Amino acid sequence: MSILLEEKQRAFAELREIKANLAARGWFPATSGNLSVRVGDFEPEQFTFAITSSGRDKSVQTPEDFLLVNEKGVATEATNLKPSAETLIHSEIYRLTGAGAIFHVHTIFNNLVSELYWERKSIPVDGVELIKAFNIWDEEAQIEIPILPNYAEIPRIAALVEDAIIPRIPGIVLRKHGIYAWGANAFEAKRHLEAFEFLFEYVYRSHLLNK
Ligand SMILES: CSC[C@@H](O)[C@@H](O)C(=O)COP(=O)(O)O
Ligand SMILES: [Zn+2]
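The name given to the protein in an unreviewed UniProt entry is Methylthioribulose-1-phosphate dehydratase, with Paenibacillus violae as the source organism. Quoted verbatim from the Function (unreviewed entry) heading of the UniProt record, the comment on the protein is "Catalyzes the dehydration of methylthioribulose-1-phosphate (MTRu-1-P) into 2,3-diketo-5-methylthiopentyl-1-phosphate (DK-MTP-1-P)." Recorded in UniProt for the protein, the comment headed Pathway (unreviewed entry) runs: "Amino-acid biosynthesis; L-methionine biosynthesis via salvage pathway; L-methionine from S-methyl-5-thio-alpha-D-ribose 1-phosphate: step 2/6."

The local shell around ligand 1 holds 14 residues, among which S54, G55, K58, S84 and E86 are the closest. Between ligand 1 and the protein, one listed contact pairs an oxygen atom with a side-chain N or O atom of N34 at 2.9 Å. Alone, ligand 1 offers 410 Å² of accessible surface; in the complex the protein occludes 74% of this.

The subject of this paragraph is the UniProt feature "domain: Class II aldolase/adducin N-terminal" (unreviewed entry) in the protein. The residues that UniProt annotates with the feature "domain: Class II aldolase/adducin N-terminal" (unreviewed entry) are residues 13–204. Helix and strand shares over residues 13–204 are 32% and 26% respectively, and the end C-alpha atoms of the span are 34 Å apart.

Turning to the coordination of the zinc ion (ligand 2), a few remarks are in order. The coordination sphere of the zinc ion (ligand 2) contains the protein donors H104 (NE2), H106 (NE2) and H177 (NE2), at a distance range of 2.1 to 2.2 Å. Read in sequence order, the donor residues coordinating the zinc ion (ligand 2) give the pattern H-x1-H-x70-H. A residue pair is termed long-range when its members are at least 10 positions apart, and H104 in strand β4 (residues 101–105) and H177 in the loop between β7 (171–174) and β8 (178–183) qualify at 73 residues. The pair H104 / H177 is uniform in exposure class, with both members buried.

Definitions and limits used
- Residues numbered from 1 in each chain as written.
- Chains lettered and ligands numbered in written order.
- Predicted model: local features only at pLDDT ≥ 70, side-chain atom pairs only at ≥ 80, totals over all residues.
- Heavy atoms only, no water.
- UniProt positions renumbered as here; feature names shortened; annotations may be inferred.
- Near = heavy atom within 4 Å.
- Polar contact = N/O pair within 3.5 Å; in protein donor to acceptor, adjacent residues only side chain to side chain.
- Areas by Shrake-Rupley, 256 points an atom, 1.4 Å probe, with all protein chains shown as cover.
- Helix = DSSP H or I, 4+ residues; strand = E, 2+ residues; numbered from the N terminus.
- Donors = N, O, S within 2.8 Å, 3.2 Å for Na, K, Ca; no water.
- Buried < 20%, exposed > 50% of the residue type's maximum accessible area, 1.4 Å probe, protein only.

This is the structure we're talking about:
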């Protein structure tokens, strides 16, 4: 599958903008987090995406921040850059959902609620208006956000993604690690990520209130 230079540049520019935006909120502490945007045609067994390179400070912009990889997480162009250590999780989410963008961040609130609800294996959210950001319009909607174990081996986590995904919920939390949020494009993935983080803070604070 050949990716036009123009498509690649558009994807990198989109990632650069969202990276700066999320960095300004402090959502990439200590080089954590990774971002990707899909490029070109999609078939579940063959697709390409632009992803952040591994281990870099995501709060600074450099010419070496992104690279293109295929559905196996292998670079599609000659490069010295290493794709994110968590590229296989992005691949699996793209394969299963056909999403257009996936954003991963570590925050205190997503870590806290992942531990608070670990035994339940999902984070319940009940009747909060911002659930509508997921295009769920039921009055007093109740949702559950899935939590997966944070194994050291990324392929072990990727293997659990298929069974964990709840079709109307565009996100998965890794225990005491962070969230993957996705959407049809970068605009939607960002809206979903912001909604998740709002809901996590709400859930955590209401837990304290009700203690
Ligand atoms: C530096 S701790 C965070 C990493 O272990 C990882 O979870 C992460 O989100 C960033 O990894 P990266 O390989 O830079 O994409
Ligand atoms: Zn991470």
